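Structural overview for review
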Amino acid sequence: MVRTKQANSGPPENVALGSLARLYECKLRRGKSSFRQKSTEFTLRERPLIQVTPIRRKVECEVGKQVRLQCSVQAPYKVKFNNRPAADFDCRNDPDFGDGNDGDRAVASCEPDKVGEKTAVCEKNEGRWVEEEDTCILRPVQELLDQSQFLNSNSLPGFLRQLSNVTGNLTEDVVASPNDINAIVQILNNVANASSSLRITVTKTSMEDVLLTAGILTTDDAKASWDLLNANSRTSNSSVTRSNSSEAERASSTFLLSIETITKGLSNDSFDIDTPSILLNKTTFTGTFNADFNSTVVIDIPDGGSNNITVVTFASMDNVLPARDENNSTFNFINGRVVLVQSSDTINNVSFTFDIINETLGNPQCVFWNFSLFNGLGGWDSEGCQLVFNDNETVTCNCNHLTSFSILMSPGSLDDPLLDFITYIGVGISMASLVICLIIEAVIWRKIRRNNTSYLRHVSIVNIAVSLLIANIWFIIGAAISDATEENQPACTAATFFIHVFYLALFFWMLASGLLLLYRTVSVFDDGLTKKSMLAIGFCLGYGAPLIIAIITIAVTAPNAYIRGSGVCWLNWYESKALLAFVIPALLIVLINLVILLVVIYKMLRRRAAAAQADERHVLLVIARSLAVLTPFFGLTWGLGVGTMTNPKNRGIHVSFAFFNSLQGFFILVFGTLLDRKTTSAGISSSSGLGFFRNWRRGRDGYNVSSSASDASHSFVNT
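Scope of this entry: the structure provided in the associated data block. (Residues numbered from 1 in each chain as written. Predicted model: local features only at pLDDT ≥ 70, side-chain atom pairs only at ≥ 80, totals over all residues. Heavy atoms only, no water.)

1. Let's talk about the overall build of the protein chain
Per the secondary structure count, the protein chain includes 18 helices and 26 strands. Residues counted as buried form 45% of the 719 residues belonging to the protein chain. Pairs at least 24 residues apart make up 67% of the contacts formed inside the protein chain by residues separated by at least 6 positions. When the accessible area of the protein chain is evaluated, it comes to approximately 37,900 Å², of which 53% is carbon and sulfur surface. (Helix = DSSP H or I, 4+ residues; strand = E, 2+ residues; numbered from the N terminus. Buried < 20%, exposed > 50% of the residue type's maximum accessible area, 1.4 Å probe, protein only. Contact = heavy atoms within 4.5 Å. Areas by Shrake-Rupley, 256 points an atom, 1.4 Å probe, with all protein chains shown as cover.)

Printed below as a string of structure tokens:
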């Protein structure tokens, strides 16, 4: 609000009379604050009235095309256009979407042989256009999609032949495009609806065209497109329900449903159709039925009466259908052929014998595709089916109904009592050895501070032992969680995280020992890094690096692909390859330490005995001996651990890994502590408990300790 008033007496407030006023006051109020200004002159301006023509208009961008924009304002204001240079745009020089600022949306045309459009959003943080939607479809496929809505008995055969030709001629483009696959699925769905509603009989020739088209969509080259389509099928918030509606809401389920519906319209003739990816057999039988289809599936019907049966065997339907089951598990795999069975009469007893595709998987489930699971999304269901027989090569299932069947399997662990015995007893021995190692180190701790190299070596040994001990404790906790009747994924994830951290810490402290050995061997003078500096480097390397690696691993792969999820609390391998976050650093450290050993041995052989002090040389020899034994031992152990992942059903590899894994603590005790004569002479010179305690007290008080190996007396003083 602007108020004007005379400074002395005069006109009333809000009246401006220049002839009478000598001093004017301007008061601007905004909320609770105000601004005052006094002047002998008073000028009032009207606010600008801006007019723009046109206010909004969509135009097609063409080179050289101009659009007239008119902007006007009343006097005394003036109009000035500010041309914004291209350099100020957040997204620039995109060949499809041009220039734009953060949040702008742009639409671009498809390639010349496609129809539809692409929509993108300008992302300032990325400095480019991010594609938001792509509806581009091959022009011939779009034309067939339009035609498929008006099919009849006369046009259907020719249409299916044309569909087969287009799909076959454009195979490479079709399988690489989720949009084209989805469009062809919709075409097959329209064909299925037309054949069902109009009761059109599907001939052998027409069915062959359908299978040729469908087979192209199931090839390995189309898997990436199907993965993208299935990834858009969100099931995490869907409850598992069984409804009467069999309508599928997503492409993969719609695809299978279309094949089933079209197959129901086949003529009554008996015939076989053999295409590269799909095999169809239609026959009539009376009484029992037993047949082997493509040497991958055996179907046995003990009492089927007089019946017409149609069997469709898919060679690679696992590329299309996701392996989700009633529990929406992400750790299952389709490990057998998908087989569709239909009959003219009801069959309540049928057996399937599937050849296993991947023999490394276990835990077989006999399942069928239930189109009504997950509110119509579809998934594998085991209702009405049970496992009859399972060996290393085949799985036999028995079901009380007919539809599309297969088997789900997941990465499993061997159920071997000997393996369990070796694992738990071995871990117990390893933990006991580590506790003994730590007790010995505690007894002699005060006596090893005179020599920096000896002190740092023992720091490394202690932390190696502590890391392995904590890792073994978490291993036992993880095993208990895995054996529990109820799944506890958060607890299993926590156990896996700490097992990962402390097993890595074991290797990184081994690396710290190797670097210490290399530094002390190469460095002739002892005035380099201080003891505190080397301790800081050791702890940063020993615990900092494992913690960073473990945090990055869980951040990238959690929550669905961090742990194995198959009854074992350990890093995932099959989905996310999270196990590489342990294997690569561990084996790389083994390689680095072996190289360090070669360098150290070369240097020590060339250096004369008098070139180094006796104590220093002794410590270096102990470190070298420890690394020479422990490094290849740990490398062999975890090399076998990788073997259990790549070949999980090999009993020999599992037993070998469990055996060597159980010896890790014992080897640390022997080669890290007991074989050091100075350690044993200083801390375990008396076998009696009193002598043990006396030696410990002497070490604390700075007493002289005699070394039996050198027949010399050394004084250890607290520092």
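2. A few points about helix 12 (residues 531–557)
Since one α-helical turn is 3.6 residues long, residues separated by three or four positions face the same way. With 27 residues, helix 12 should reach 39 Å at 1.5 Å per residue; the first-to-last C-alpha distance of 39 Å fits that figure. Maximum bend of helix 12: about 30°, positioned at Gly-544, with proline Pro-546 one to four residues after it. (Expected span 1.5 Å × (residues − 1). Bend = angle between axes of the 7 residues up to and from the residue.)

3. A closer look at the sheet that holds strand 19 (residues 350–355)
Pairing in this open sheet of 5 strands is antiparallel, and the strands run 14-15-19-23-22 from one edge to the other. Of all the strands in the sheet, just strand 14 (289–293) and strand 22 (385–390) have a single pairing partner and so form its edges. Here the average twist between neighbouring strands, direction ignored, is 15°. One ladder, built from 5 bridges, connects strand 14 with strand 15 (residues 297–301); its direction is antiparallel. Within strand 15, the residue paired with Phe-293 across the bridge is Val-297. (Pairing = 2+ DSSP bridges. Axes fitted to C-alpha atoms, helices over the stretch in contact; angles between N-to-C directions.)

4. Regarding the state of the cysteines
Scanning all chains against the criterion turns up 5 disulfides. Note on cysteine connectivity: Cys-110 is disulfide-linked to Cys-136, with sulfurs 1.9 Å apart. Across the S-S bond of Cys-110 and Cys-136 the torsion is about -90°, and the bridge reads as left-handed. Taken together, the residues Cys-110 in the loop between strand 7 (105–109) and strand 8 (114–115) and Cys-136 in the loop between strand 10 (128–134) and strand 11 (137–138) connect sequence positions 26 residues apart. Cys-136 matches Cys-110 in its accessibility class, with the two residues each being buried. Disulfide pairing places Cys-492 opposite Cys-569 at an S-S distance of 2.0 Å. Torsion about the S-S bond of the Cys-492 and Cys-569 cystine: about -135°, corresponding to left-handed handedness. Linking Cys-492 in helix 11 (residues 489–522) with Cys-569 in the loop between helix 12 and helix 13 (580–606), this pair joins segments that are 77 residues apart in sequence. Taken individually, Cys-492 and Cys-569 each receive the classification buried, so the pair is uniform in this respect. By sequence order of its bonded cysteines, the protein chain has the disulfide arrangement 1-3, 2-4, 5-7, 6-8, 9-10. (Disulfide = S-S within 2.5 Å.)

5. Quick word on helix 16 (residues 664–674)
Most of helix 16 sits inside the fold, with 9 of its 11 residues counted as buried. Buried within helix 16 we find Gln-664, Gly-665, Phe-667, Ile-668, Leu-669, Val-670, Phe-671, Gly-672 and Thr-673.

6. Remarks on unusual backbone geometry
Leaving glycine out, the prevailing phi sign among residues is negative, and the prevailing peptide bond configuration is trans. Note the cis peptide between Ala-75 and Pro-76, where omega equals 5°. On the secondary structure map, Pro-76 appears in the loop between strand 4 (70–73) and strand 5 (91–94). Of note in the backbone geometry, Arg-199 takes a positive phi value of approximately 50° without being a glycine. Here Arg-199 shows up in the loop between helix 4 (178–197) and helix 5 (204–217). The backbone phi angle of Phe-374 is positive, close to 55°, even though this residue is not glycine.

7. Focus: the sheet that holds strand 9 (residues 117–123)
The 3 strands are arranged 7-9-10 in an open sheet whose pairing can be described as antiparallel. Only two strands of the sheet have a single neighbouring strand rather than two, namely strand 7 and strand 10. For this sheet, the mean inter-axis angle between neighbouring strands, taken without regard to orientation, is 35°. Of the strand pairs in this sheet, strand 9 and strand 10 are connected by 6 bridges, and their pairing is antiparallel. Within strand 10, the residue paired with Lys-118 across the bridge is Asp-134.

That's the geometry; what it means functionally is another story.
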